[in-house]
Every structure is written in C-alpha cells, then in structure tokens.
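Residue-level listing of the chains:
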Amino acid sequence: MKIRTTLLCLFLTVYGAFAQKALLQSGPMLGYNEMREVMIWAQTTTPAAVKVGYWIDTIPSQLMFTNTVQTEAKTAFTAKLLANQVEPGQRYNYRLYINDQAVELDYPTTFQAQALWQYRTDPPPFTVAMGSCMYVNEPEYDRPGQGYGGNYEIFESIHQKRPDAMLWLGDNVYLREADWYTRTGIMHRYTDQRSIKELQPLLASTHHYAIWDDHDFGPNDSDRSFHLKDLTLEAFNLFWANPTYGVPGVEGITTFFKYNDMDFFLLDDRYNRSPNNRKTGEPTLLGKPQLEWLIDALVASRAPFKFVAIGGQVLNTAEVYETYAHHHGAEREYLLKRIEEEDLKGVIFITGDRHHTELSQYTNAAGNVVYDFTVSPLTSGAARNVTEVNAHRVEGTLVTQRNFGLLEVSGPRKARRLKLSIYDVSGKELWTRSVE
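Keep in mind the model is a prediction, meaning the values are calculated, not measured.

Visitor: Tell me about the side chain of Asn316, and name the residues and values.
Guide: Inspection of the secondary structure assignment puts Asn316 in the loop between β15 (306-310) and α8 (324-327). A distance of 2.9 Å separates a polar side-chain atom of Asn316 from the backbone nitrogen of Ala318. A polar atom in the side chain of Asn316 sits 2.8 Å from the side chain of Glu388.

Visitor: For the layout of surface pockets, give the residues involved together with the corresponding values.
Guide: Of the volumes computed, that of the largest pocket is approximately 740 Å³. Looking at side-chain class alone, the lining of the largest pocket contains 10 nonpolar, 8 polar and 11 charged residues. Roughly 450 Å³ of internal volume is contained in the second largest pocket. Lining the second largest pocket are 13 residues, with Trp117, Asp261, Arg302, Pro304 and Arg413 sitting closest to its centre. Among the residues making up the lining of the second largest pocket, the classes are represented as 5 nonpolar, 2 polar and 6 charged.

Visitor: A description of the packing of helix α3 (residues 183-194) against helix α6 (residues 229-239) should follow, citing residues and the corresponding values.
Guide: For the pair α3 and α6, the least separation of the axes is 10 Å and the interaxial angle reads 30 degrees. The angle between the axes of α3 and α6 places the two elements in the roughly parallel class. At the point where α3 passes α6, the crossing takes the right-handed sense. Between α3 and α6, the contacting residues are Arg183, Ile186, Met187, Tyr190, Thr191 and Arg194 on the first element and Leu231, Thr232, Glu234, Ala235, Phe236, Leu238 and Phe239 on the second. For the contact of α3 with α6, the residue count by class is 8 nonpolar, 2 polar and 3 charged.

Visitor: Summarise helix α9 (residues 329-341); cite the residues concerned and give the values.
Guide: Along its 13 residues, α9 runs 18 Å from first to last C-alpha, staying within 8% of the 18 Å computed at 1.5 Å per residue. Residues Glu331, Arg332, Leu335, Leu336, Arg338, Ile339 and Glu340 constitute the buried set of α9. The inward-facing, buried residues of α9 abut α7 (288-300), α8, β16 (347-351), β17 (358-363) and β18 (369-374). A positive phi of about 55 degrees marks Asp343, the residue just after α9.

Visitor: Pulling in residues and values, what's your account of the sheet that holds β15?
Guide: Strand order across the open sheet formed by 6 strands is β13-β14-β15-β16-β18-β17, with mixed pairing between neighbours. Each edge of the sheet is formed by a strand with only one pairing partner; in this case those strands are β13 (255-259) and β17. Adjacent strand axes in the sheet meet at a mean angle of 20 degrees, parallel and antiparallel pairs treated alike. As judged from the 5 bridges shared by β13 and strand β14 (residues 262-266), these two strands associate in the antiparallel manner.

Visitor: Help me get a handle on the nonpolar core, residues and values and all.
Guide: Among the nonpolar cores identified, the biggest contains 74 residues, and Phe155, Leu167 and Phe264 are the most heavily contacted of them. By size, the runner-up hydrophobic cluster in this structure holds 26 residues, among which are Leu30, Val38, Ala48 and Tyr107.

Visitor: Would you mind going over empty space enclosed by the protein in detail, with residue names and values included?
Guide: Enumeration over the complete set of coordinates arrives at 2 cavities of 30 Å³ or more. Roughly 70 Å³ of internal volume is contained in the largest cavity. Taken together, Met29, Met134, Trp168, Asn172, Val173, Tyr190, Gln193, Arg194, Leu199, Leu203 and Trp240 make up the full set of residues lining the largest cavity. Looking at the lining of the largest cavity, the element that brings in the most residues is α3, giving 3 residues. Within the lining of the largest cavity, the residues separate by chemical class into 8 nonpolar, 2 polar and 1 charged.

Thresholds applied
Residues numbered from 1 in each chain as written. Predicted model: local features only at pLDDT ≥ 70, side-chain atom pairs only at ≥ 80, totals over all residues. Heavy atoms only, no water. Helix = DSSP H or I, 4+ residues; strand = E, 2+ residues; numbered from the N terminus. Polar contact = N/O pair within 3.5 Å; in protein donor to acceptor, adjacent residues only side chain to side chain. 1 Å grid on protein atoms, 1.4 Å probe; cavity = no way out; pocket = protein on both sides within 12 Å on 5 of 7 lines; lining within 4 Å. Points joined across faces, edges and corners; volume = space filled by probe spheres on them. Nonpolar A, V, L, I, M, F, W, Y, C, P; charged D, E, K, R; others polar. Axes fitted to C-alpha atoms, helices over the stretch in contact; angles between N-to-C directions. Parallel < 35°, antiparallel > 145°, perpendicular 65-115°, else oblique. Left-handed = near helix turned anticlockwise from the far one by under 90°. Contact = heavy atoms within 4.5 Å. Expected span 1.5 Å × (residues − 1). Buried < 20%, exposed > 50% of the residue type's maximum accessible area, 1.4 Å probe, protein only. Pairing = 2+ DSSP bridges. Core = buried A, V, L, I, M, F, W, Y, C linked by side-chain atoms within 4.5 Å.

Written as structure tokens, this is what we have:
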C-alpha cells in the first residue's frame, strides 16, 4: 500500500508539473531592471493565476513573491509581475508559478537588480545585445513561396553570449495581411512570434527593452494615419515590459532607461510620423514634442555615451527607402544641428529596419563624433545587394546576412570604453570596433 501511495504521489507531482508547463504559452521574460524593482512578463494559454517566486541565489530559504495576476483573454493572457523586494546589485533565482504550481523549465531563470555604484565604486561593466527584423514563418498566413524567416537558432547564439540586456530595434513582429485590421490578428501575431522555442532561454535570463518600427506598428511603411495604431500600441504594451510607454506630452512608445552610467533614449518613429509622400504640411518623423524632449534629455544627460534607439537609420546619407534623409531630411538636419550646437558628446544612434548592418560615423563642426550603429536582420530576409552610397559608412562594417550586435561597456568611470561587435547566426564574430 505504501509503495502504491508513493507512486501515486510521484505521478501526481510529475503530472502537475507537466500540466502547469502546458499552460505556459511563452516566457517568462525579464523586462526592465532597476535597483529596487524588476519586471517579469509571462503569457499563458488559458485564464490562470500567475506569480513569480524569487530568492537570493545564496539564500534559497528566503523566498519572496511578486504580485499575482489573473490572466484573461482581453489582455491576451499576458501578465506583468513586479519583483519589488529586491536589493541593488543582488542576483536572484526565480521560478514561475501557474495556479500555485511551480513550472519546471530546463534552462536558467535568474535576474539581477542594477548596482548602487554611485559615490562608491566605478560603474560595473555590462553588455547589451541588439537586433531588429524578426520574422517567424507561419505558412498559412505568409505569402506563397519560400518562407521569409529562418535561422531561429540565432537566439540561442545570443543567449550563449549571456548579455545583461537586449534592445529590440523594431520590426520585432511582422504583422501581415491577415493581421493588420483586427485586434484578433494583431494579438495572434504577437503571440505566435513570441512563442518560438529557440527564444525562450534568452527571454528568461536577459532583461529586454524594445522600440517598434512599421511592421510591429501596422502595414509596411505605415505612419500616424494608421487607424488602428492604438490597437498595436496596446499590443506593444501588453507584450513588452519597458519602464514606461510614452513620456510627458508625447504619445506612443517613447521611453528612457539608465543602465549603470549609460543613458538609453528609446524613440517612436511611427505614432506621430507624417506620411512619407505627403506634399503639404511640415514633414515630421518624430513629431515636435518628441523631438524637443529628446534634445532636452540629451542636454540634461551626464552619461559618457548617450544611446538613441530609433527604428530607421539617421546618419545614412542615401535618400532611399525610409532613411531619415529620404522623406524627413529637414527634421534630420535640425536634430543633427542641435547635437552640434549643444556640443553634445558621445551620441550614438542605434537603428534597425534596413535588412543589412553597418556602422556610420561623422564628425560635426563642434568636433564631436556622432555614430549610427545599424543592426539588421535577425531572422527576416537579408538585403544581399546593397548598392546605395552612404558617405558616412565605416569601411568594412557592411554585413548582408542575418546577424546580431553586442554593445560592451567597460573601464573606470572617467575613462569608459565602448566596443561594438557584430556576430553571425552561429555566434561567430564578423567585425568589432572600439569607441572611447
């Protein structure tokens, strides 16, 4: 009888763990991390009660819990779980619970609160992965022919680099014809792309931040006229865990975060963008409130490097496709002139969109070097034939295959060093450049 009872208990334990894992659609995903709180995201397949237990990795007996979220269909069964009992610089293990049952995963689930280094030590070194243009094939909804997406193992290669954070540079989801005009289609696409198995370990142990571009905002080359932009804004808010969505006076996804001593400005190049081919009115890509907020924020920043993430290329001089120079050149010149006249140092644009990678740089009249680090694509088709003339391209940095980037910051507080690197889908380094 005792043996039967033991076997029954074992069966129920194993079955319970399997059943709870079956309720997990995707995640857990680490969102923003600060000194006193960390956000964790997850999605279930059906309505469920979700929470996270976490503990300092050296003190497993001191278990703490996030809030519990009851997932529901109207929010695409997503949950944002706030770990607000963390201490600066501490590393934590965590476990996802669904309906009060632990979900067993076969990869590490850890996070770290940012360090309180100010007035104490040099700021810590850190690494941020980045990329744009993630297409996941779903043949019944894709265009006929060979699938546009592939090499999903790139996310395993990024995970192997163990970055502290990852910055998604837009076109992180490819809405397509069946998705554009209904909330059902939009939520389906976000759910489908987030759920691929190759992505899950990376989601679970790296802190993720995101902007969007046209394909996760709406149809190709879409702008402020897209009548469902509030639905795609809702989807973006549900599926990402940024610190904020919009800044005072600016609608959309604009936000800001600080990682150690570096400032990251995440811009929205779609919500307020004028149509590319409009002949009257003042052309704008960012909209005046967002543009002036950015300039103010850059002036106020004391960071050695100021990273400005935006969907499309800023420094590329070729007036092609949706480069800033093509349809909104006057606003581009205004922004670059303000960077020059305000004597802003260490400005680095981080961009995507183009289905090729390159580093652009130029020195303005104030003697300051401005960079544009374009990283694209992750899994969508690569632009094999890049014939445009970008006068600011750094020789040897053009890449026309699927790839991802790493931004590595190191060194003492007053002499921080920055390394920019590009890797292929297997994690092999294609090029690296240093910035000081």
